[in-house]
Amino acid sequence: MQSFPEVKKFGTAPVFFTAISTILGAVMFLRFGFAVGNVGFLGTLAIILIGHLVTIPTAMAIAEIATNQKVEGGGEYYIVSRSFGLVIGSTIGIALYLSQAISVAFYIIAFTEAFSALFAWVIQTYTLPPWLIWLLEQKQTIGIPALLGLTYIMLTKGADLGVKTLYVVVATLGIALAAFFLGQTDYARTTDFDPMATVTDAIKMEEPQFAELADTSTTTILPTDTTRQDDYDGPTIGPAAATSPAEPPASPLIPIGFFTVFAIIFPAFTGMTAGVGLSGDLKDPGRSLPLGTMAATLTGMVIYVFIAYQLALSASPADLADTSKLVMADIAWQGWWLIPIGLAAATISSALGSIMVAPRTLQAIARDQIFPTPKVNEWLSEGKGASDEPFNSTLVTVAIAGAFILMGALDMVAQVISMFFMVTYGSLCLISFLNHFAADPSYRPRFKSHWVISLFGALACFGLMFFMESSYALLSIVAMLGLYFAITQWNKDKRSVALIFQGVIFQFSRQLQVFLQKAEKEQTRSWRPSAVAVSEHSFQRLGAFHLLRWIAHKYGFGTYIHQIHDYLSRETNQRARECKDRLIQMAESSHSNIYIDTMITPSYTAGISQVIQLPGIAGTENNLLIFEFSKNNPAELDNILDNFKLIKSVDFDIVVLGTSERGYGLKQEIHIWITASNYQNATLMILLAYIIMGHKEWRNAQIKIFAMYPEDTIEEERNRLFLLIQAGQLPISPNNIEFIVRTQDTNTDSIIVQKSRDADLTLVGFRTEAVDRNGKVVFEGYESIGNMLFVNTASQKEIK
C-alpha cells in the first residue's frame with residue numbers, strides 16, 4: 001500500500017516488500033492463535049489453503065492486468081472502472097473505498113491491542129480512580145489519538161513517507177517473527193502435538209480452567225502453564241495478566257464455526273495487491289509485478305503454515321482461542337516487548353498504507369464525476385500541493401474510520417472488510433477471465449494468467465461470501481445493487497457498454513453462430529419467422545418498422561434494413577451512420593428486439609440482391625421478406641414487382657405491407673381473408689396474426705377469419721378450417737369465423753373492403769401466378785381501408 005515517487009524506477013524488491021509487509025500484519029498477531037484454537041492445526045491449514053485459492057488467482061490477475069496498462073490514480077479502482085465501465089466500476093469502486101477506509105479503523109483498533117497488557121499491568125499495579133480505569137480499558141483511548149496523529153502526518157507529510165518506513169517495518173516484522181519461532185514453552189515440552197485439537201475438545205474434557213473462565217462474575221486469573229517464564233520487570237503479558245473485574249475476557253468456551261473463523265482471518269492473507277500502484281514506476285513491470293506479487297503471496301502462505309504449527313505446538317487450544325491474550329508474546333523469546341513492537345509496526349504501517357490509498361480511491365471516483373452533484377465531486381477531487389494530495393477525501397476517510405473505531409469491535413470489522421475484499425478480488429479475477437474470453441488484440445499483458453485460474457478465483461470469491469456469512473453477503477449484494485441503480489440514475493450519460501463486455505458478447509455471439517451453423521439441424525416442419533424488412537422511407541412511414549418489431553418481439557427474429565439509393569462515398573457513408581443512429585434510438589425507445597442496419601446501393605435491384613443474401617442474426621436462415629408501399633402513392637410497387645422473380649428465386653416467404661393514413665388504427669381487430677385460390681397462404685397468415693397478437697400493443701385484439709368458397713365446397717372447407725384451428729390451439733373463436741358463399745359474379749375486392757373497413761390490419765393472400773398475370777392490380781382497390789398485409793408463402797406451413 002506504500003506509494004513511491006514517480007521519478008524513481010524500481011525493481012522487484014519494492015513490490016515484494018510492499019505486499020509482504022501488508023500480508024504479515026495485524027491479524028497474524030491478534031487472531032491467528034484464535035483460529036488455531038477454534039479449528040485446530042489442520043483446520044487452520046484448510047483456512048490457509050482456501051484463502052490462498054482466492055488470493056493466488058487474484059495476485060496472478062492483478063499482475064496480468066497491471067502489466068497491460070499503467071495503473072493511474074485510484075489503483076484497483078482505476079483497473080475495475082476502465083475494464084467494466086464507469087457505472088459498474090464505480091459501484092465496485094465505492095465498495096473498495098469503504099473496505100480501505102474501514103481498514104484504517106481495523107488496523108488502528110489492532111494497534112491499540114499492543115497497549116492492552118501495559119494498561120492491564122498499570123491497573124493491577126497502581127490504585128487509580130474509576131474513571132481512569134474505565135478510560136484505560138477503552139480501545140478508543142489510544143485509537144482516536146492514533147487516528148488523529150496519522151491524519152496529521154498524511155496532511156502534512158503526504159504519501160512520500162511510505163517509502164521511508166517500508167524497510168523499517170519489514171525489518172521489525174522479521175525480528176518479531178524470528179523471536180516467535182525461537183520461543184519455547186512448558187506446554188510444548190510436556191504435551192504431545194495434536195493437529196486435531198480444538199477448544200471444543202477441551203470443553204468436552206471439562207478442563208478445570210474452563211470452569212473458572214466460565215464464571216465471569218468474578219475476577220479471572222488465566223492459567224500460567226503455557227508462559228515462557230523470562231525474568232524481567234516489565235508488564236505481565238498474556239496468561240499471567242489479570243483481567244479487570246469490570247470487563248471479563250471474551251469467553252473462549254463458545255466454539256466458533258469454520259467459515260466465521262475464516263471471515264475473521266481472511267484479511268491476514270490480503271495485501272498482495274499493494275504493489276499494483278507501482279506498475280508505472282518499475283524498470284520491468286512484466287517481470288517485477290508477477291514475480292514480486294506471487295513471491296509475497298507464496299512466502300506469506302508458507303510463513304502462516306509455520307506460524308500455525310508453532311502456535312499449535314506451543315499453547316493449549318484454550319489459551320489460543322482466548323482473544324484477550326496476545327498469545328504470540330507468550331510464546332516468543334523476549335516476546336513481552338518484541339511482539340508488541342512488531343504488532344505496532346505492522347499495524348501502523350498498514351494503517352498508513354490504507355490512509356494513503358483510500359483517499360486516492362475516493363478522489364479518483366470523484367474525478368470521474370460519479371457523485372450526484374458537481375459540488376460534491378469538485379470538493380472530493382480537490383488536491384493540495386504539487387503532489388496533488390487528496391486533502392478533502394482524507395477528511396472523509398478519517399470520519400468513516402473514526403466511526404468504526406468508536407464501535408471498537410475488531411472481529412466485526414474484520415468480517416465486514418472480508419466481504420468487501422471478496423467483492424474486489426472477485427471483480428479483478430473476473431476482469432482477467434473476461435479479457436481472455438474477449439480476445440481483444442489491444443489486451444497484451446506481459447504476464448498472463450490462465451483463464452481457468454481466473455474463473456476459479458472469481459467463483460471462489462463470490463461463493464465464499466455466502467459461506468462466511470450469508471446475511472452479510474445478501475446485505476452486501478442488496479447494497480451493491482442499490483448503489484448501482486443510484487449511480488445509474490446520477491450518471492445517465494455513462495451507461496455505455498464497456499469494451500470488455502462488448503468483446504465478450506461478440507465472441508460469444510461468434511461462437512454461437514459457428515456452432516449453430518455446424519450443428520446438425522433437426523428437420524422440422526414447424527415455422528419460426530426470421531424476417532428482413534426493407535424500406536427507404538423509414539422516417540416517413542413507420543408501418544414496416546412497427547410490423548417487424550411486433551413479429552420479432554417474442555416468437556421471431558428481425559433485421560431492419562434502411563436503404564439509401566446512391567453510390568458509396570464518404571458523404572453517403574456518414575449519412576448512413578446518422579440514419580442508423582436514429583433508427584437505433586427509435587428501436588430503443590420502442591423497446592424492440594430488432595437488429596438495425598443501413599445499406600447504400602445504386603439501384604433497387606442491387607439492394608434486393610444483397611438483402612436476400614444476408615445471414616440471419618440468430619443463427620437461423622432468413623425466411624421472410626417484408627416490403628412496404630403507400631396505398632395513396634403506389635409508385636414503389638413497380639420496384640417490388642420488377643424484382644419479384646429475383647426475390648422468389650431464393651424461396652422466401654414474402655409480405656408486402658400497404659400502408660394508409662389510418663395506419664394500424666386501434667389495434668383491436670385483425671382480419672384474415674382466405675379463398676379457394678390462395679388457401680396455401682392461409683396457415684402463414686394465421687401464424688403471422690397470432691405472432692403479432694403476442695405483442696402487448698395488440699393484447700386486446702381479436703382475430704377474425706373470412707373464408708370465401710363456392711357453395712358446393714363450403715361445408716367441407718368449414719370442417720377443415722375448424723379442425724386446423726382446434727388442432728393448432730389457436731385463440732380464434734368459432735364465432736369469429738365467417739364463411740361467405742362465392743359465386744361467379746362475386747367481386748372479392750368489394751366484399752373485403754366492405755367487411756374490413758373497420759379492421760386495424762387486414763391480411764390477404766396472393767399467388768405468384770396472379771402477380772405475373774395481373775401485375776400491380778393485385779395490390780390495388782383497397783385504398784379505403786386500413787393497413788393491408790399481402791402474403792405469399794414459398795411453401796404451405798403446418799400448424800402443430
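Residues numbered from 1 in each chain as written. Predicted model: local features only at pLDDT ≥ 70, side-chain atom pairs only at ≥ 80, totals over all residues. Heavy atoms only, no water.

Caption draft 1: How the structure looks around a nonpolar patch on the surface. Where nonpolar side chains cluster on the molecular surface, the patch consists of Phe466, Leu474, Ile477, Leu481 and Phe485 and spans about 470 Å² of accessible area. The leading source of residues in the nonpolar patch is helix α22 (residues 470-490), at four residues. Along the chain, phenylalanine 485 falls in helix α22. Phenylalanine 485 gets classed as exposed once you look at its relative accessible area, which sits at 53%. (Patch = residues over 30% accessible without salt bridge, like charges linked within 9 Å, V, L, I, M, F, W, Y side chains within 5 Å. Areas by Shrake-Rupley, 256 points an atom, 1.4 Å probe, with all protein chains shown as cover. Salt bridge = Lys/Arg side-chain N within 4 Å of Asp/Glu carboxyl O. Helix = DSSP H or I, 4+ residues; strand = E, 2+ residues; numbered from the N terminus. Buried < 20%, exposed > 50% of the residue type's maximum accessible area, 1.4 Å probe, protein only.)

Caption draft 2: Quick look at unusual backbone geometry. Not every positive phi belongs to a glycine, and glutamine 334 is a case in point at roughly 55°. Tracing the chain through its elements places glutamine 334 in the loop between α16 (327-331) and α17 (335-367). Phi is positive for aspartate 651, close to 55°, though the residue is something other than glycine. A relative accessible area of 57% means that aspartate 651 is categorised as exposed.

Caption draft 3: Local environment of the nonpolar core. Grouped together as the largest cluster of nonpolar side chains are 117 residues, with contacts concentrated most on Phe29, Tyr304 and Leu311. Filtering out sequence-adjacent residues up to four positions away, leucine 311 remains in contact with Phe32, Gly33, Val36, Phe180, Leu320, Val327, Met328 and Ile331. (Core = buried A, V, L, I, M, F, W, Y, C linked by side-chain atoms within 4.5 Å. Contact = heavy atoms within 4.5 Å.)

Caption draft 4: How the structure looks around the packing of helix α5 (residues 86-113) against helix α19 (residues 391-407). Contact pair α5 / α19: the axes reach a minimum separation of 8 Å and the direction vectors enclose 55°. Of the possible angle classes, the one that applies to α5 and α19 is oblique. As for the relative orientation of α5 and α19, their crossing is right-handed in sense. Between α5 and α19, the residues in contact are Tyr97, Leu98, Ala101, Ile102, Val104, Ala105, Ile108 and Ile109 and Ser393, Val396, Thr397, Ile400, Ala401, Phe404 and Ile405, respectively. (Axes fitted to C-alpha atoms, helices over the stretch in contact; angles between N-to-C directions. Parallel < 35°, antiparallel > 145°, perpendicular 65-115°, else oblique. Left-handed = near helix turned anticlockwise from the far one by under 90°.)

Caption draft 5: Main features of the confidence of the model for the chain. On average, residues of the chain carry a pLDDT of 81, and 86% of them reach 70 or more. The weakest mean pLDDT in the chain belongs to helix α12 (residues 208-214) at 45; the strongest belongs to strand β9 (residues 761-765) at 95. When the criterion is pLDDT under 50, residues 1-8 qualifies, and its contacts beyond four places in sequence or with other chains add up to 30 contacts. Below a pLDDT of 50 lies the segment residues 209-253, which in the model reaches 85 contacts outside its immediate sequence neighbourhood of four places, other chains included. (pLDDT = per-residue confidence, 0-100.)

Caption draft 6: Layout of the pairing of strand β4 (residues 624-630). Counting buried residues in β4 gives seven out of seven residues, a clear majority hidden from the surface. Residues of β4 alternate between two faces, with Leu624, Ile626, Glu628 and Ser630 on one and Leu625, Phe627 and Phe629 on the opposite face, all of them buried. As paired strands, strand β1 (residues 530-535) and β4 are joined by three bridges and run parallel to one another. Looking across to β4, one finds that alanine 531 is bridged to leucine 624. The sheet contact formed by β4 and strand β5 (residues 653-659) spans seven bridges and is parallel. Looking at β5, one finds that serine 630 is bridged to threonine 659. (Pairing = 2+ DSSP bridges.)

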